[in-house]
Amino acid sequence: MGFFFARRDIDRGKEIRYDYGDPMPNGQSSLEFITHQSTFKTRIVELNSKYWSENIKTRVVGDKLVFPNGSVYRDKVNTPKPEEILQIDQNEQQKLEEIEVKRANTLSESGNQISAAAVEVETYAKVRNFYRKISMDPVYGRANHNILVYRFKDNSGTIHDRYCDDGEFGAGRKMLKILQDQNLTNVSVVISHMMGKHLGPKRFDIMEKALFDTLKELL
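Keep in mind it's a predicted model, so treat the numbers as computed, not measured.

Peer 1: Report on the nonpolar core, specifying residues and quantitative values.
Peer 2: In terms of nonpolar packing, the biggest core is built from 24 residues, with V189, I191 and M207 touching the most fellow members. Those elements that place two or more of their residues in this core are β8 (112-120), β9 (145-153), α5 (171-181), β11 (187-194) and α6 (202-218). If one sorts the elements of this core by residue count, α6 sits on top with seven residues. With residues near it in sequence (within four places) discarded, V189 still touches A116, A117, A118, F130, I147, L148, V149, L211 and L215. One finds F130, Y140, F152 and C164 within the second-largest nonpolar core, a separate group that totals 15 residues.

Peer 1: Which residues make up unusual backbone geometry, and what values do they have?
Peer 2: At N55, a position not held by glycine, the phi torsion is positive, near 65 degrees. Along the chain, N55 turns up in the loop between α1 (43-53) and β3 (59-61). Judged by relative accessible area, which is 58%, N55 ranks as exposed. A positive phi is found at N183, a non-glycine position, where the angle reads about 55 degrees. You can see N183 is positioned in the loop between α5 and β11. Residue classification places N183 among the exposed residues on the basis of a relative accessible area of 57%.

Peer 1: Describe the packing of aromatic side chains, naming the residues involved and giving the relevant values.
Peer 2: How two aromatic rings sit relative to each other is given by the distance of their centres and the angle of their planes. Tallied over the entire structure, the rule returns four aromatic pairs. Arranged with centres 5.1 Å apart and planes meeting at 85 degrees, the rings of Y124 and F152 form a pair that is edge-to-face. Placement of the pair is Y124 in helix α4 (residues 124-136) and F152 in strand β9, with a sequence separation of 28 residues. There is no split in this pair, since Y124 and F152 are both buried. For the ring pair Y150 and F152, a centre distance of 6.2 Å and an interplane angle of 20 degrees mean the geometry is stacked.

Reading guide: rules and limits
- Residues numbered from 1 in each chain as written.
- Predicted model: local features only at pLDDT ≥ 70, side-chain atom pairs only at ≥ 80, totals over all residues.
- Heavy atoms only, no water.
- Core = buried A, V, L, I, M, F, W, Y, C linked by side-chain atoms within 4.5 Å.
- Buried < 20%, exposed > 50% of the residue type's maximum accessible area, 1.4 Å probe, protein only.
- Helix = DSSP H or I, 4+ residues; strand = E, 2+ residues; numbered from the N terminus.
- Contact = heavy atoms within 4.5 Å.
- Phe/Tyr/Trp six-rings, centres within 6.5 Å; stacked < 30°, edge-to-face > 60°.

Have a look at this one:
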């Protein structure tokens, strides 16, 4: 499988596309911007707000939530970092290629392309590997946003569920609520959004359809 990455960044209010190998305005390599770090749009911010409402003065530092006593909470699944992908060896790549991913047809609207991919998961490790595999995909790697949701039950019966918006604020929470309302477990889904014309809230309806279409292929 060949590697290809692209993303969009915001520079003084304007949306600019950087493909693999393109020079950045600050002289850095665009490889450092393969994936959007969306920590501030994920569950960690909700946890921070929750603790503040309980008068516990936590702080969000990078991808961590720091408590007043110095203890740290960190999400177990984050957007893959460039080095985590670029340094994958042949054995790791083979393991990722063996992950069986179910996909549905891409949905198009006003130049927007919305796709979904899903796998069965029972551990955080499987969720992480799935997200890494998607980040390496030539099609998904070009997307503006790859929204991750997952929900699984461990051996003790505890349900673990999270989401990562990847810059598409509100999307992860909405997609995770669908999994919760449907009482689905042991599943992880990535919704990929290649942006066209502005869709507004309508994009969430299309993402929901993509989610259900892909779950039909998986379940």
